[in-house]
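# Residue-level structure breakdown
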Amino acid sequence: MKRILLTIPVLLAVSCQNYLDVRPQGYVLPTTDEEFATIMHNRIREIEGGGDEYILGNMDRLLLFEGIADDLDANIRTGNNLPSYAGEKINSMQLRYSYFWETVKDCNIVIENLSGRSTDLARQTLAAAYAIKGTVYYNMLREYCEPWEDAPNQLGLPLVDKFDIYGRPARASLQDTYEYTLNLFEKSLALEPKGGLMFFDKTIVKALKARLLFWCEAWEEAAALCQEIVRDCGKTITPASGFEDMIKSDSPKGEVFAKSHINDSSELDWYFSSIIRYFASRPACSSLIKLFGDEPEKDVRYRVSFDAKRMNKKRPECGIRLSEIVLMLAECDYHLGKAEEALDCLNELRRNRIEGVSNLTMASLPAVRTGDRIVSDAAGEAITPLLQAIFDERRKELYMEGDRWFELKRNGRPEWWIISNGLKYTTKKYLYTAPIYKRDVDLNHEMIQNEGYE
Amino acid sequence: MKAMNKKIIAILPVVMLLFIATGCKYDEKPPKTSDAASDYILPQGDLPTEAEMRAVQAARDEYESSIN
């Protein structure tokens, strides 16, 4: 009897003792350099396989940003499975915000644990973590913050250094977010990234840093960095004869520093081969086509981009290449008052794209058109003939590379409308800045939502 | 004594069942803090004006003539 009476409390005492143990079962908590490197390899594998939407991007990301921009004309035809305008994507955009943080969390785990380790693998993994985190912050800064105006008083992003389930970080200022992101790229560069299995080499990280400087209108620093890249990258602008080959190539070719989806045996190949047709379901708008002039076939970009029905035939790609650096340099020079240098950059690019083209001079630049969507520059000033020429080349060059939406955002956030199913939908100014995740706002009362979504 | 043990053994499963049925019934979910939906209401479209309809038709006409 006594034994039985003793057994009951013992049984009760030993049962259920692990119910509060939330440690995942069957997972390895990383400790070695190799294990931390695996965390970054998983992210890099997604870039190379085409699954990544948050670092370099993929075809899904392009489908979104080319759909809501205006290079393809939704007023002529809405197209299959392309979003019509930004307003219809606000809920997928706020959800997208939450997914960015999964990558930040991975980077923070690596940064927190590998900082101070001296092996080559640890340093290269750390360099990749800083580069990936910097790129993710740059992407979020473009999508979820207003364009650069009065940065110390504009909303930026939460600056998160370590994973904390109880943390409720509020948004920093845009200025602080820029400096934080810049610092991430600088830390990556200080570790001498070599690329290879870690993907991000010195040139790629510099190019990503240049994009940040350019977006945040640090013209002088951006110009200096772009010049450094042009001088040291060991590449030249791909000539017209090699342009098509470069665009169609699975791996980085010619002037391309980096691109996503280079693994041509990715499990997503079937998916991309299917959705690529969506891009060709809406024709290019006339304002883009007119930029190619009276003899558009002389421009290799026209030949590679459009079929006889103005439908897209350029392979949509996310990456970074020398021409973008040259175009950034041209615009930086313009804002720094170096018109001749800006023109030199532009002519260098045009000579490699258009058969028999003659150099533009300040005297021969076409007058500013009326009726264009962009009417003011990033500084709020009126467009000049030189800046218009830079914008035109950028639009032709980076067509189908996810750039146009951000060009519109950077230069005045113009409003325009489309008619779909008998109703008019306007891309209003506030829609250029996507909403942050609503559940974060509901949970954290210090988290301020972007204007227009309260 | 044996009869007593038999009784206890017979009661034991019932006691255990009672423990299982009544124990560990705590609510693991955090308290509900808001009735708010997790989605935003999408902006609504407006009826286009005649002039806007004409502008769209002009864009379509321009397109048709450019490809034919």
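Sequence order as written defines residue numbering, which begins from 1 separately in each chain. Written order decides the labels, with chains lettered from A and ligands numbered from 1. The predicted nature of this model means local features are confined to residues of pLDDT at least 70 and side-chain atom pairs, given and counted, to a pLDDT of 80 or more, with totals for whole chains, interfaces and linings taken over all residues.

## Looking at the overall build of chain A
Using the following cut-off: The numbering of helices and of strands both runs from the N terminus, where a helix is a DSSP run of H or I of at least 4 residues and a strand a run of E of at least 2. With C-alpha atoms as the basis for the radius of gyration, the globule rule is written as 2.2 Å multiplied by the number of residues raised to the power 0.38. Any residue surrounded by 20 or more other C-beta atoms within 10 Å of its C-beta is treated as buried, while 12 or fewer makes it exposed and the intermediate range makes it partly exposed; C-beta atoms here are placed from the backbone. Our contact criterion uses C-beta atoms placed from the backbone: two residues qualify when those atoms are within 7 Å.
Helix and strand counts for chain A come out as 17 helices and four strands. Computed over the C-alpha atoms, the radius of gyration of chain A is 25 Å, within 12% of the 22 Å expected from 2.2 N^0.38 for a compact globule of 454 residues. In terms of overall dimensions, chain A has C-alpha extents of about 105 × 55 × 45 Å along its principal axes. In chain A, buried positions account for 42% of the 454 residues. Contacts in chain A between residues at least 24 apart in sequence constitute 66% of all its contacts with a sequence separation of at least 6.

## Description of the nonpolar core
Here is a general trend for soluble globular proteins: nonpolar side chains tend to be buried in one another's company. Note the following rule: We define the nonpolar core as any set of buried residues of the types Ala, Val, Leu, Ile, Met, Phe, Trp, Tyr and Cys, connected via C-beta atoms lying within 7 Å of each other.
Within the largest apolar cluster, 108 residues are counted, with the highest numbers of intra-cluster contacts made by A210(A), A222(A) and C226(A). When near neighbours in sequence (up to four residues on either side) are disregarded, A222(A) contacts A210(A), L213(A), F214(A), M328(A) and C332(A).

## Side note on the interface of chain A and chain B
Just so we agree on the cut-off: Note that Gly is not counted as nonpolar here; it falls among the polar residues with everything else outside the nonpolar set of Ala, Val, Leu, Ile, Met, Phe, Trp, Tyr, Cys and Pro and the charged set of Asp, Glu, Lys and Arg.
Counting residues at the interface gives 24 residues for chain A, matched by 23 residues for chain B. Residue assignment for the side of chain A that touches chain B shows that the elements contributing at least two residues are helix 4 (90-114), strand 4 (423-427) and helix 17 (438-443) of chain A. Per-class residue counts for the side of chain A that touches chain B are 12 nonpolar, four polar and eight charged.

## Some remarks on the confidence of the model for chain B
Stated precisely, the cut-off is as follows: The pLDDT value expresses, per residue, how confident the predictor is, ranging between 0 and 100.
For chain B, per-residue confidence averages 82 on the pLDDT scale, and 78% of positions sit at 70 or higher. Overall fold confidence (pTM) sits at 0.89, and the ipTM for the predicted complex is 0.83.

## Considering unusual backbone geometry
Residue and element names in this part refer to chain A. Its identity as a non-glycine residue notwithstanding, N81 has a phi of 60 degrees, on the positive side. Among the structural elements, N81 can be located in the loop between helix 3 (59-68) and helix 4. The backbone of R310 shows a phi angle near 65 degrees, a positive value even though the residue is not glycine. As for its placement among the helices and strands, R310 is situated in the loop between helix 12 (300-305) and strand 2 (319-321).

## Digging into the domain arrangement of chain A
Residues and elements named next belong to chain A. Applied cut-off: Segmentation of the chain into domains, including their bounds, is taken from an automatic or database domain assignment.
For chain A, the domain assignment lists domain 1 (34-216 + 421-454) and domain 2 (219-258 + 285-414). Contacts between the two partners involve 28 residues from domain 1, matched on the other side by 29 residues from domain 2. Where the side of domain 1 that touches domain 2 is concerned, the elements lending two or more residues are helix 3 and helix 7 (202-215). Tallying contributions element by element places helix 7 first for the side of domain 1 that touches domain 2, with 10 residues. Split by residue class, the side of domain 1 that touches domain 2 holds 16 nonpolar, three polar and nine charged.

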